[in-house]
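Spelled out from the first residue to the last, the chains are:
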Amino acid sequence: MRTKQVNLLITLVAVALFSFSCFCIYRITQTNNQLINCRNHILEFKENMLHLRNKTEKNSQEMMKVLNRMKYEITKREILSRNLVAQKADILNKNETVSNTLEDLKFFFPHLRKEGRIYPDVIIGKGKTGVSFALGISTVNRGNYSYLKQTLTSVVSKMTLSQEKDSVVIVLVADSNEDYLHSVVKMITKKFKRQVRSGSLEVISIPAFLYSSMLNAKHLAEASQKLASWRIKQVLDFCILMLYAQPKAKYYLQLEDDIIAKEMYFTKITDFVGNISSNNWFFIEFSMLGFIGKLFRSEDLTHFVRFFLMFYKEKPIDWLLNDIFQVKVCDTGEDLRNCMKRKKQIRIQYKPSLFQHVGVHSSFPRKEQYEKDVY
């Protein structure tokens, strides 16, 4: 009996030991599996980190390339801007007798009185003066549409060399967009090299501070305000261009950047002006459309500009041009027919017109215009 009890105890111990061994083997196997999974996760993590590092290095290289390109473009712009300013300073130094005609602006715009000498930025020019004719063209960015190259080609190519020598074409870039200014300069220096070298073609721009408080039309609705500001700025652009051109020539011809000229237009103008018997004319219209093709004596420009600046917020400039005659020619209470008769004597119209408007896309955004000179 005692032997049976001992054998049973041994059996129980053996079973317990076997069970414990199985449990230990199970736990060890489970632990090994966990270790294997953990190692796999670590390897996967290391692989992801390596991939991420490679991607980061690649992105860093791309960013460095972009930054280097940006630095290059900024440096190029700075060099170009310094060159433009240097050209302006060089021109002003060479021509110490630069006219002070633009100082008139300070009378009408008090905010300009704290400024020094008011003068456009001369981008291209040799200070040419003493010629018979100055031709003024104001231009602004029209987005994807541009007529300036076509206009300049038409105006310049139809002059003889002697006429070119006795004139100066002034392009006013009346736009704060520097990219547009640079594109105009690039086009002109490439396409019109001879005229640039001789000083017969100039490019100027308007310093931004001039317009800081002139374009105020807050009393109007937003849509009307944009149109009013555009018209106001257009009047001011023309005024600044006229004041700049005034000391350069005997006569000033106002053009726009979307016109074409007829063959021998310059010869016809000089012949017509030379053959006018009376010297009592106020201006001559070589186009009946808007403000295109209007010829003034330079000595009269200051009077016109002062009138325009008094009413620059009220009407477009071609309407103001008509109003100045009402003020200058018509007496209060006078019969309108008598006034109109005298008006024709000093406001001379040349027919057929020498300039045609060809621009469809207006300088005012999203506006199309199809006006043509019927004469």
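Here, the structure is the one placed above.
Residues numbered from 1 in each chain as written. Predicted model: local features only at pLDDT ≥ 70, side-chain atom pairs only at ≥ 80, totals over all residues. Heavy atoms only, no water.

Chemist: Which residues make up the sheet that holds strand β5 (residues 249-256), and what values go with them?
Modeler: Strand order in the open sheet made by the 8 strands is β1-β4-β3-β2-β5-β8-β7-β9, with mixed pairing throughout. Looking at strand neighbours, the two that pair on one side only are β1 (121-124) and β9 (347-349), the edges of this open sheet. Strand-to-strand twist across the sheet, computed as the mean angle between neighbouring axes with direction ignored, equals 25°. Relative to β9, strand β7 (residues 283-285) is paired through 3 bridges, and the arrangement is parallel. Across the sheet, the residue bridging to Glu285 is Gln349, located in β9. The strands that helix α11 (residues 336-346) touches are β7 and β9; relative to β9, the one it contacts most, it runs at about 65°. (Pairing = 2+ DSSP bridges. Helix = DSSP H or I, 4+ residues; strand = E, 2+ residues; numbered from the N terminus. Axes fitted to C-alpha atoms, helices over the stretch in contact; angles between N-to-C directions. Contact = heavy atoms within 4.5 Å.)

Chemist: Could you give me a rundown of the pairing of strand β4 (residues 201-205), with the residues and numbers involved?
Modeler: Burial analysis of β4 places 5 of its 5 residues in the buried class, which makes it a mostly covered element. Alternating residues of β4 divide into Leu201, Val203 and Ser205 and Glu202 and Ile204, and every residue in both groups is buried. Note: β1 against β4, 3 bridges, orientation antiparallel. Looking at the pairing, Ile124 lines up with Val203 of β4. (Buried < 20%, exposed > 50% of the residue type's maximum accessible area, 1.4 Å probe, protein only.)

Chemist: Please provide a residue-by-residue account of a nonpolar patch on the surface, values included.
Modeler: On the surface, a nonpolar cluster with roughly 310 Å² of combined accessible area is contributed by Phe45, Met49 and Leu52. By secondary structure assignment, the location of Leu52 is in helix α1 (residues 2-94). Given the relative accessible area of 46%, Leu52 is considered partly exposed. (Patch = residues over 30% accessible without salt bridge, like charges linked within 9 Å, V, L, I, M, F, W, Y side chains within 5 Å. Areas by Shrake-Rupley, 256 points an atom, 1.4 Å probe, with all protein chains shown as cover. Salt bridge = Lys/Arg side-chain N within 4 Å of Asp/Glu carboxyl O.)

Chemist: Report on helix α5 (residues 178-191), specifying residues and quantitative values.
Modeler: End to end, α5 covers 20 Å across 14 residues, agreeing with the expected 20 Å (1.5 Å per residue, within 8%). For α5, the complete set of buried residues consists of Tyr180, Leu181, His182, Val184, Val185, Met187 and Ile188. One side-chain oxygen at the N-terminal end of α5 lies 2.9 Å from the backbone nitrogen of Asp179; it belongs to Asn177. (Expected span 1.5 Å × (residues − 1). Polar contact = N/O pair within 3.5 Å; in protein donor to acceptor, adjacent residues only side chain to side chain.)

Chemist: Provide a residue-level description of the pattern of salt bridges, including the pertinent values.
Modeler: For the coordinates displayed, the defined rule picks out 11 salt bridges. Linking Glu103 and Lys106 is a salt bridge whose minimum nitrogen-to-oxygen distance equals 2.9 Å. The partly exposed category is assigned to Glu103, whose relative accessible area is 25%. Here Arg142 and Asp258 are joined by a salt bridge, their closest N and O atoms 3.4 Å apart.

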